[in-house]
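# Understanding the architecture of this molecule
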Amino acid sequence: MSKSVVLCLASILFLNSTLGLYEDQIKKFDWKLTQIGKVNNAFLDLNPYQQNRLIVSTEENVIASLDPLSGNVQWRQILENQPRGQLKLIQMLVDDSAPKTAVRHQSSKSPYDILTVQGHSPAIVRGWNAFTGNLEFEWSLVPLQTETAEDSFWFHGNDMNLYHVIPNFGSHLEVTEYIANNGNSKGTTSKISASWIQKDKCLISGSYYICLEGSHLLALDLTATSPQILKKVVPSSPKTSLKAVRGVSGAVSLDGFIYSFDEKEKLCGDKVSGQSLLKAFQGDESLLVEADLKNNVLEISVKSVESCETWQNVKSTVQYPSHNGVPEVLAFSCRTNRQNTKVCSFVLTTEDEALLYVQGDKIRWAREEALANVVSGEFIDLPLSDSDGSIEDELKSKPGDLFGAFSRRVVSQIHLVRSIFLHVLGLGPAPTATQKAGLIRDAFGLHKMLVVLTQTGKVYGLDNINGKIHWSNYLRSVENFNNGEEMKLIVQRTSKHFPKQPICTIITKSAETKKGVLFSFNPITGAQIGETNNLNYEIQQIAFLPEDTTEFLKAIVLFDHNNQVHVIPENYKKQADGLYLFTANKKSAILNGFHLKFNEKSGQLQPQPIWTVNLSGHGSTQEITSIAAKNPIEHVHSQGRVLNDRSVLYKYINPNLVAVVTQGLDNIHKFVMNVHLVDVVSGSVVFSLTHRKVRGPIKIVHSENWLAYSYFNDKVRRSEITAIELYEGKVQANSSVWSSLDAPPMPLVERQSYILPFSVEFLKETITERGITNKHVLIATSAGNIMEMPWFYLDPRRPIIQPNQPREEGVLPYIPELPFIQENMINYNQTIARIQSIFTAPSGLESTCLVLATGLDLFVTRVSPSKTFDLLKEDFDYYLIAMVLVALTSASLFVKQLSARKILKQAWK
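Source: prediction; values computed, not measured.

A few words now on the overall build of the chain. Within the chain one finds seven helices and 59 strands. When the backbone C-alpha atoms are referred to their principal axes, the chain occupies close to 125 × 90 × 75 Å. Looking at the chain as a whole, 47% of its 909 residues are labelled buried. When contacts within the chain are restricted to residue pairs at least 6 apart in sequence, those whose partners lie at least 24 apart make up 50%. Just so you have it, the chain exposes about 46,700 Å², and 52% of that area is on carbon and sulfur atoms. Separation between the mean location of the 89 positive side-chain charges and that of the 91 negative ones in the chain comes to 4 Å.

Structural data, given as structure tokens:
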């Protein structure tokens, strides 16, 4: 058989087994941002003899190579999660056969370019290839005492050896030397007596272990044959903490002064003149790089260590964005251009977790690595165009006001004609900034502003079509709340109420005072609205008032730790009268309900406790691990479900129902998980379910009358998901208004469990404008995929097949294993690293739901659970339908003429 025949047969076999998207559909409705996290170490290599690259390590346990010209990721290695993947050390190998700014040459026989040490039990040592990112070798070390090994650290010696140091605080240090590429020990462990070492007052700087003890700095050279205690006098009450000077062994900075314990190291003085200091090598020369920020101008200077003079007139002055915060220089390198002049580049990380690449007097590129830790996201409608805005004004006339509506229509038409005339003459008004950026609402509501809030307190406005960052704001010194709850991003007013501007508010906590902080801004332009509101109390609970009919604003209700109620804005206090809210203590698993009453005399809201529910179980061993409420903007289109006998089973749609998950241990079944459905207005527990020998992580989604949650079954060692549906029965108590105080009897509960072929990272339901479209569940897997699971697979009413039993329409027979449907992966081959959350929002089309997936990467797409029934297909033949319409119109006119002639002839007979 000829080779051509074999190739043809092989091609046919591969084509038959291939599934995927059409090529023109890839990245048409989605985009992805590849992130690496906040950079803490960087090595810049601008070598004329080999490929330029920037090697970095991050706080997200990622090592990567970036292109210095564009900042794009060349390769990325994502290590294990904490604590196993915590990077203890990253070291670049400098090859003697190449210039000192270069790593291993391609012809070098060295076993590695990059050395990393991660974790502590076990500690994993790996060698990497800097050109490809491939793993060269790996070995691990299991410590004898895991408790003390957690605080251990490593450093790399000049002799290509690794030193492992385990501090026993208040006693001694244990130092062991290993060969870096194979893990063989080079001798016995040496113990260095040091009774003065403390956990929070010591650090490693090169081979020196330095501690702050009262008004002295004490240091030990861990590579010395017989280490001696070195001392330096410092101010008795330092204002800052110890910080190692980058690139220098045995040097730390404290309160703006430098203290060096290595006599071989020269630093040109003992005072830091700027915010950041770095010692680096350029060829055989030792240089000091200083960065100083004043009045939003960043000055970077380079000095020679030998002469302490400016090195070859290298100095950069850059206009620095104020929202980036304090910068820190991580790496520096120079090269000679064609004009035989020095071109130097600097790599800086900033307070808001951005990575900047400065060359000359410009910031060549910037990576917004704060996007690797998104805590909240909202899709905001874009503003209307001028013509659409005038139409909105016309529709605001009162019912029966015909003259007012007519006058507004005439005025709007005059303004429209005038604007067209001025535009033709080139005399029209200049377009606004949003119009220049193309931020105008489209006909289908698919183009929106994506506002995301990150863990560092930085908020971004991104275009959901292409991922472009239009604006950003940075809140300094803020953090998440005490109970593990993340800071909140609230939409108080949308863009639908033209001409009133939209308002978003960030609710967070001050890192200094631990009190609440409110920051309001326009989500379209990013402009701050008013001043930052620094509250004088700690926030315990957040609630919202219904949107009012005049300002179209949702007021914020804050419940502080003293059980006092605050409303922002304050003139909405009276509207909070009669509001119900609840609090939950995760540790004690106690829920408390309150009813707010407005006191006319004092003008204050008074919370009245009305119920308490204790979910801690027998022995108080249970703790709350998750609370899931329904999406406040969801609409329930269908009130019931049609059965096979044509009767209706009505849904139990309680808007006040909250799912509370508790976990704990018992003496028999070890791990026990309880799921409670609690009405947070009346305090009644509607339903409870217990799972034994299961453990987390628990992921839960709650919508309409159903609930789904995933967990790990410890007995059979697999991931499972349980679905619950609640029904009132075949008679509906009240079809118009729901009242928890006059609720119907306990619901009918259907429940079923299924086996998952993957582990779950997050669950989220799809949502549409009117709730007509079928609900699907988006399941994020640990492999970085997002599966769109139709609800009929999770339906708890799936029956076990029995003969001669009528089957309910649209219900599949029960099979315990859920399928792994490749076609339902909405991110196809765009793997999303470490998925943490999924946010969904309705679009202007009832069939389409907008999706944002966050983790280490960002992924935005759209899904259509019931297909695009309200939209023409992409391959719709417009020319054919136009030709058919023209042909039918022409035929009708021609037939009309024939008919007229026939009638005329019949009239003359």
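Let us now look at the pairing of strand β21 (residues 276-282). In terms of residue burial, β21 counts as a mostly covered element, since six of its seven residues are buried. The pairing of β21 with strand β22 (residues 285-294) spans seven bridges and is antiparallel. In the sheet register, phenylalanine 281 faces β22, and the bridge partner there is serine 286. Between β21 and β22, which follow one another and run antiparallel, lie two residues, and glycine 283 among them has a positive phi close to 70°.

A separate point is the sheet that holds strand β1 (residues 31-33). Pairing is antiparallel in the open sheet, where four strands are placed in the order β1-β59-β58-β57. The open sheet has two edge strands, β1 and β57 (837-842), and neither has a second partner. Each adjacent strand pair in this sheet contributes to an overall mean axis angle of 20°, direction not counted. The pairing of β1 with strand β59 (residues 858-863) spans three bridges and is antiparallel. What sits directly across from tryptophan 31, in β59, is valine 860.

The subject of this paragraph is the sheet that holds strand β19 (residues 251-254). In spatial order, the strands read β18-β19-β20; together these three strands make up an open sheet with antiparallel pairing. Of all strands in the sheet, those bounded by a partner on one side alone are β18 (243-244) and β20 (257-260). Summarising the sheet, β18 and β19 pair through two bridges and their orientation is antiparallel. When the bridges of β19 are listed, lysine 243 appears paired with serine 253.

Core analysis: the largest hydrophobic core is formed by 21 residues, its most contacted members being Val289, Ile300, Val302, Trp311, Phe332, Phe346 and Leu348. At the level of secondary structure, the elements contributing two or more residues to this core comprise β21, β22, β23 (297-304), β24 (310-319), β25 (327-336), β26 (342-350) and β27 (354-359). Those residues within four positions of phenylalanine 346 in sequence are excluded, and the remaining contacts are Val289, Ile300, Val302, Val314, Ser316, Ala331, Phe332, Leu356, Tyr357 and Val358. Core analysis: the second largest hydrophobic core is formed by 20 residues, Tyr754, Val760, Ile779 and Trp791 among them.

With that settled, the discussion passes to unusual backbone geometry. With an omega of 0°, the peptide bond between isoleucine 568 and proline 569 qualifies as cis. Topologically, proline 569 is positioned in the loop between β40 (565-568) and β41 (580-585). With omega at 10°, the peptide bond leading from glycine 696 into proline 697 counts as cis. With respect to the secondary-structure elements, proline 697 resides in strand β50 (residues 694-703).

With that out of the way, let us pick up the side chain of threonine 848. Along the chain, threonine 848 falls in the loop between β57 and β58 (849-854). At 3.3 Å, the side chain of threonine 848 forms a polar contact with the side chain of serine 847. When near neighbours in sequence (up to four residues on either side) are disregarded, threonine 848 contacts Leu446, Thr768, Pro842, Ser843, Arg862, Val863 and Ser864.

Right, let's get into a nonpolar patch on the surface. Together, Leu872, Phe876, Tyr878, Leu880, Ile881, Val884, Leu885 and Leu888 make up a nonpolar patch on the protein surface, roughly 750 Å² of accessible area in all. With respect to the element layout, leucine 880 can be found in helix α7 (residues 878-908).

Glancing now at the state of the cysteines. All chains considered together, the criterion is met by two disulfides. Disulfide pairing places cysteine 202 opposite cysteine 211 at an S-S distance of 1.9 Å. Its S-S torsion of approximately 115° makes the covalent link between cysteine 202 and cysteine 211 right-handed. Each disulfide pairs two cysteine sulfurs, and for cysteine 334 the partner residue is cysteine 344, the sulfurs being separated by 1.9 Å. The S-S bond linking cysteine 334 to cysteine 344 shows a torsion near 100°; that makes this disulfide right-handed. Taken together, the positions of cysteine 334 in strand β25 and cysteine 344 in strand β26 put the pair ten residues apart, joining distant regions of the chain. Judged by relative accessible area, cysteine 334 falls into the buried class, the value being 3%. Residue classification places cysteine 344 among the buried positions, given a relative accessible area of 7%. As a non-bridged cysteine, cysteine 504 has cysteine 849 as the owner of its nearest cysteine sulfur, 18 Å distant.

Counting across every chain of the model gives 17 aromatic pairs. In this structure, arginine 53 is placed above the aromatic ring of phenylalanine 131, and the distance from its NZ or CZ to the ring centre is 4.1 Å.

We now examine the pairing of β59. Of all six residues in β59, five are buried; the element is thus mostly enclosed. The pairing of β58 with β59 spans six bridges and is antiparallel. Of the residues in β59, the one forming a bridge with valine 851 is threonine 861. Where β58 folds back on β59, the antiparallel hairpin that results is connected by three residues.

What counts, and where the lines are drawn
Each chain carries its own residue numbering, running from 1 in the direction its sequence is written. In keeping with the predicted nature of the model, local features appear solely for residues at pLDDT of at least 70, side-chain atom pairs appear and are counted solely at 80 or more, and the whole-chain, interface and lining totals rest on all residues. The side-chain values count all of the structure's non-hydrogen atoms but skip hydrogen atoms and water molecules. Helix and strand definitions here come from DSSP, where helices need a minimum of 4 consecutive H or I residues and strands a minimum of 2 consecutive E residues; each element is numbered from the N-terminal end. Partly exposed residues are those whose accessible area sits between 20% and 50% of the maximum for their type, while under 20% is buried and over 50% is exposed, using a 1.4 Å probe and protein chains only. The contact criterion used throughout is that any non-hydrogen atoms of two residues lie within 4.5 Å. Only the protein chains shown count as cover for residues, and all accessible areas are computed by the Shrake-Rupley method using a 1.4 Å probe. Working convention for charge: Lys and Arg count positive, Asp and Glu count negative, and His plus the chain ends are omitted. By convention, charge coordinates are those of NZ in Lys, CZ in Arg, CG in Asp, or CD in Glu. Between any two strands, pairing holds if DSSP finds at least two bridges. Note on geometry: axes are C-alpha line fits, over the in-contact stretch for helices, and angles between N-to-C directions span 0 to 180 degrees. Here, nonpolar core refers to any group of buried Ala, Val, Leu, Ile, Met, Phe, Trp, Tyr and Cys residues whose side-chain atoms link them within 4.5 Å. The term polar contact refers here to a pair of N or O atoms within 3.5 Å; inside protein, the definition further demands a hydrogen-donor-capable atom paired with an acceptor-capable atom, and it admits residues adjacent in sequence only when both atoms are side-chain atoms. Candidate patch residues must exceed 30% relative accessible area and have no salt bridge, after which like charges are joined if within 9 Å and Val, Leu, Ile, Met, Phe, Trp or Tyr side chains if within 5 Å. Between Lys or Arg on one side and Asp or Glu on the other, a salt bridge is scored when a side-chain nitrogen of the former is within 4 Å of a carboxyl oxygen of the latter. Two cysteine sulfurs form what is called a disulfide whenever their separation falls within 2.5 Å. The rule is short: rings of Phe, Tyr and Trp, with Trp giving its six-membered ring, pair when the centres are within 6.5 Å, and they are stacked under 30 degrees, edge-to-face over 60, tilted in between. Two thresholds decide whether a charge sits over a ring: the Lys NZ or Arg CZ must be within 6 Å of the ring centre and within 35 degrees of the ring normal.

The quantities given are spatial measurements derived from coordinates; they are silent on function.
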